[in-house]
Amino acid sequence: MTRDRRLAKSAERHFSVMCSDAGLLCHSATEDEMGWDFLVEFPPNQYSGPAESMPAGSQAYVQIKSTTQAACQTRIKLTNARQSSQQKDPWFVVLFHQPKDQELKIYALHYWDDLIYKSLKAVRQADLEGHKLNRKYISLRFDNKDDHTYNLLYWMEKTITQHGPLYNMKKRQYAETLGYEDGYGNGNITFSMKDEDGFIKQLLGINKPIEIDKFNFTPSRFGISDKFPLVEFKGGTASIGPVSPTKCRIDFRGINSLQTVSLDGQVFSTGLGEFDDRFKIIRVSAIFFEILWRLDEKSDFSINFDPDKLIKIKDLEDISSIMRWCHDGPVDIQLWIDEKRILGAEIKIDDSAPVETWNTLKHICYFFRTFFNADVEISAQKIFFDIDRLIEIQALIDQPSFSIDLNLNTDADAHTDSIMQIDDCIYSITEPFGDRICFSVIRRPVTEKIKKGRKVKVFLGNPKILQAYSVKTNNPSVEKQLNDDFNSIKERFKSNIFAIHNIRGYTQSNTSELKGHTP
C-alpha cells in the first residue's frame, strides 16, 4: 500500500476518533457516490425553555481528503462540488496534510459564499462545454488561515453557529442568486436608425417606442452565456428606458432679478456619449420644464404647463416668476449636482401670455400662502376664474389702508358716539375656494373718522394678521369653529374696537360700503 493510501485510511479513522473523543455522533457514508464521508451531529445549545420547544442540534457533512504532497491542495469532483453548494446543510472539506518527514496538519474549508460561487461557476462552464460532471474536478487550495489541526471540531461548530438559526435559508439564497450580479442574461436588438434624433430621445425616455428588426435574449450566469437564446423573434417595437437618473437642482434667475428660483429635477444621459459624440446629450427634467442639453450646439428648452392641472402653490409661484423674467430678456439657468455646478446657460422664451398674467398669478400664489401650506394643490385656471374676488380678498388682507362707510341707525346720537370712540377694527375673512374655506382675522388701527350726514367714514391703517388657515368644507363643525375662533380673538382686546365677522358679507349688505383708500 502506498503512503498516500495509508494516509487516506488513517485520515478517516483519525477523524472518527476525534468525533468520538469529543462526544459527537459521527456517521460514515455507506456509498462512495454520496459525495461525503461523514455526517457529524453536534449537540443542541443550552436551552431554558419548554422541553417540547427545544431546537435540535446542528449537523454537518464532511468530505475527508489527504495528501503527502508539498502543495497544500486537493481536488473534488464537480458533482460533489455542486451537491456541497446546493445542499442546505453545512458542508466542510477537511484535508489531512503530511508531506514526508513532517508533522500531520489538518486543514478545513467551509462551503459558503466564495466557495459556492467558484464551484457553481465551474459546474456551469463544464456543463456548457459538454463535459460529464463526475469526470471533471475543481481544485481547492488551503493556506495558514485554514489550519485547524488543534480546533477542528470546535471551529466547525462555531462556524455554523455564527450564521444563526437562518443558516439553511442563507445558504440556499446564495446558491440560487450568486452569479446574477450583472443581470440574468444578454439581449440583442437590431433596428434601422432612420430617425437619429428620435432614437436619442428614446434613450432619454421621451419618445415613442422604436420599430425593431429582430430581438433575442440569452440567459447568462457567472458571466457565462447559454449556448442558445431563450427568446428570439423578428419584428415588433421596443421601449428603451434611460439609464438611472441623477438627482439635480436647476437654478433660474432673471436678468434684472436678485431672486433665484430653484427646482428639484433629474438628469438623464444616453449612456453612449463615450462611444459617439452624437450621443453627448443629457436630459434635464423638472416640473414644467424639459431641457435637452446638447454639449456642442444649441439646446432644446420646452415648457409643459397645463392651467387646468392641480399644482402645488409653491410650484405655481415659481413658474410665474420664471415666465415673468422671460419678458425682460434672457434667463440665467444653472445645473447643480451634489452642490457642484455642472452646466450654465441662458434661455430665451417667446411667451404669448401678457406679462401681467404672470405678475397676477405670482401675487395671488404668494397671497395664498397666508392660508395654505406649500403642498396644497390648486390650478391656475381656478385662480383666474375667481380673480376679481381673490384680488378683493387680497386687498382686505394686505392693502396698506382702506375706508368703510358705516350707516347710522335711528338711535343716531348714541350710535354716533360709539362709532366715533373706536380705536381699532378687528374683522374676519371667510371665503370658500375649491374644497376649502379660507379663514383669516385681521386687526387694523382706526386712523381717522369723518361723519357725513347719516354716515361715518372710518379709515383703517396697516393690517396685522392675527389668525389665518384653511379648512376642508366637508367638516360639519367648520362654521362653529370659525365663529369660536373669531370670538376668542375678539375677547382678547379690551380697547374700543369695532368687530366685523366675515367682512365681505358685512360690506355687501345695506349697512356699509367698502372702499379702498390711500390717505
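Scroll up for the structure.
As the structure is a prediction and not an experimental result, all values here were calculated from the model.

> Would you mind going over the packing of helix α8 (residues 355-368) against helix α10 (residues 387-398) in detail, with residue names and values included?
At a minimum axis separation of 11 Å, α8 and α10 run at an interaxial angle of 55°. On the basis of their axis angle, the class for α8 and α10 is oblique. The chirality of how α8 crosses α10 is left-handed. Along the contact surface, α8 presents Thr-360, His-363, Ile-364, Phe-367 and Phe-368, while α10 presents Ile-387, Leu-390, Ile-391, Ile-393, Gln-394 and Ile-397.

> Give me the layout of surface pockets: which residues, what numbers.
In this structure, the second largest pocket spans a volume of roughly 480 Å³. Contributing elements (two or more residues each) for the lining of the second largest pocket: α4 (152-161) and α5 (167-177). With three residues, the single largest contributor to the lining of the second largest pocket is α4. Within the lining of the second largest pocket, the residues separate by chemical class into nine nonpolar, eight polar and two charged.

> Describe in detail the pairing of strand β16 (residues 281-286), supporting the description with residues and values.
Within β16, six of the six residues are buried, leaving the element largely enclosed by the surrounding structure. Here β16 shows a buried face lined by Ile-281, Arg-283 and Ser-285 and a second buried face lined by Ile-282, Val-284 and Ala-286. Alignment of strand β15 (residues 261-269) against β16, held across five bridges, turns out to be antiparallel. If you follow Ser-269 over to β16, its bridge partner there is Ile-282. Where β16 lies against strand β17 (residues 289-294), six bridges are found, and the strand directions are antiparallel. Along β17, the bridge assignment pairs Arg-283 with Leu-292. Taken together, β16 and the strand that follows it, β17, pair antiparallel across an intervening segment of two residues, in which Phe-288 is found at a positive phi of about 80°.

> Got a sec to walk through unusual backbone geometry? Specific residues and values, please.
A positive phi angle, close to 55°, is found at Asp-338, a residue other than glycine. Within the secondary structure, Asp-338 sits in the loop between β20 (331-337) and β21 (340-347). For Asp-338, a relative accessible area of 68% translates into the label exposed. A positive phi angle, near 65°, is found at Asn-502, a position not held by glycine. For Asn-502, the position within the fold is in the loop between β28 (497-500) and α13 (503-507).

> Help me get a handle on the pattern of salt bridges, residues and values and all.
Enumeration according to the criterion identifies 17 salt bridges in this entry. A salt bridge links Arg-249 to Glu-339; its shortest N-O distance comes to 3.7 Å. Taken together, the positions of Arg-249 in strand β14 (residues 246-254) and Glu-339 in the loop between β20 and β21 put the pair 90 residues apart, joining distant regions of the chain. Here Arg-249 falls in the partly exposed class, since its relative accessible area comes to 22%. Residues joined in a network through salt bridges with shared partners are Lys-382, Asp-386, Arg-389, Glu-392, Glu-431 and Arg-504.

> Before we move on, could you go through α4 and cite the residues and values that matter?
Those residues of α4 lying buried are Leu-152, Leu-153, Trp-155, Met-156, Thr-159 and Ile-160. Along the axis of α4, the buried positions cluster into a sector of 160°, meaning they face one direction only.

> Any chance you could break down the pairing of β21 for me, citing the residues and the numbers?
With seven bridges connecting them, β20 and β21 associate as antiparallel partners. Directly across from Ile-333, in β21, lies its bridge partner Ala-345. Hairpin connection from β20 to β21: two residues lie between these consecutive antiparallel strands, with Asp-338 at a positive phi of about 55°.

> Let's hear about empty space enclosed by the protein: which residues, and what values?
On inspection of all chains with the given rule, the structure shows one cavity of 30 Å³ or more. Taken as a whole, the largest cavity encloses approximately 60 Å³ of empty space. Taken together, Phe-367, Phe-368, Phe-371, Arg-389, Leu-390, Ile-393, Glu-431, Pro-432, Phe-433 and Cys-438 form the lining of the largest cavity. Every element with two or more residues in the lining of the largest cavity is listed here: α8, α10 and β24 (424-433).

> An account of the sheet that holds strand β18 (residues 300-303) is requested, with residue identities and associated values reported.
Taken in spatial order, the seven strands make up an open sheet running β18-β17-β16-β15-β14-β20-β21, and their pairing is antiparallel. Each edge of the sheet is formed by a strand with only one pairing partner; in this case those strands are β18 and β21. In this sheet, neighbouring strand axes are inclined to one another by 25° on average, regardless of whether the strands run parallel or antiparallel.

> Please give an account of the sheet that holds strand β5 (residues 91-97) that cites residues and values.
Across the sheet, which stays open at both edges, the five strands sit in the order β1-β2-β3-β5-β6 with mixed pairing between neighbours. Single-partner strands in this sheet number two, and they are β1 (25-28) and β6 (105-110). Averaged over all neighbouring strand pairs, the angle between strand axes comes to 25°, with direction disregarded. Across four bridges, β1 lies against strand β2 (residues 38-41) in antiparallel orientation. When the bridges of β2 are listed, His-27 appears paired with Leu-39. Relative to the sheet, α4 contacts β3 (59-67), β5 and β6, its axis offset from that of β6 by approximately 10°.

Conventions we followed
- The numbers attached to residues start from 1 for each chain and follow its sequence in the written order.
- Given that this is a predicted model, residues contribute local features only at a pLDDT of at least 70 and side-chain atom pairs are listed and counted only at 80 or more, while totals for whole chains, interfaces and linings are drawn from all residues.
- Only heavy atoms go into the side-chain values, all of them from the structure, while hydrogens and water stay out.
- Working convention: axes come from line fits to C-alpha atoms, limited for helices to the stretch in contact. Angles between N-to-C directions cover 0 to 180 degrees.
- Secondary structure counts use DSSP, requiring at least four H or I residues in a row for a helix and at least two E residues in a row for a strand, with both numbered from the N terminus.
- Working definition: roughly parallel below 35 degrees, roughly antiparallel above 145 degrees, roughly perpendicular at 65 to 115 degrees, and oblique for all remaining angles.
- By the definition used in this description, the sense in which the near helix is turned from the far one sets the handedness, with an anticlockwise turn below a right angle giving left-handed and a clockwise turn giving right-handed.
- Residue contacts follow a heavy-atom distance rule, with two residues in contact if any of their heavy atoms lie within 4.5 Å.
- Here a cavity means grid points, on a 1 Å grid over the protein atoms only, where a 1.4 Å probe fits yet cannot get out; a pocket means an open set of points with protein on both sides within 12 Å along at least five of seven lines; lining residues are those with an atom within 4 Å of a point.
- Grid points are joined across faces, edges and corners, and a volume is the space filled by probe spheres set on the points.
- In this classification, the charged set is Asp, Glu, Lys and Arg, the nonpolar set is Ala, Val, Leu, Ile, Met, Phe, Trp, Tyr, Cys and Pro, and all remaining amino acids, among them Gly, are polar.
- Exposure categories follow from relative accessible area, calculated using a 1.4 Å probe and restricted to protein chains: below 20% of the type maximum is buried, above 50% is exposed, and the middle band is partly exposed.
- Note on pairing: DSSP must find at least two bridges between two strands before they are called paired.
- Any carboxyl oxygen of Asp or Glu that lies within 4 Å of a side-chain nitrogen of Lys or Arg is treated as forming a salt bridge with it.
- Comment: arc refers to directions from the helix axis out to C-beta atoms.

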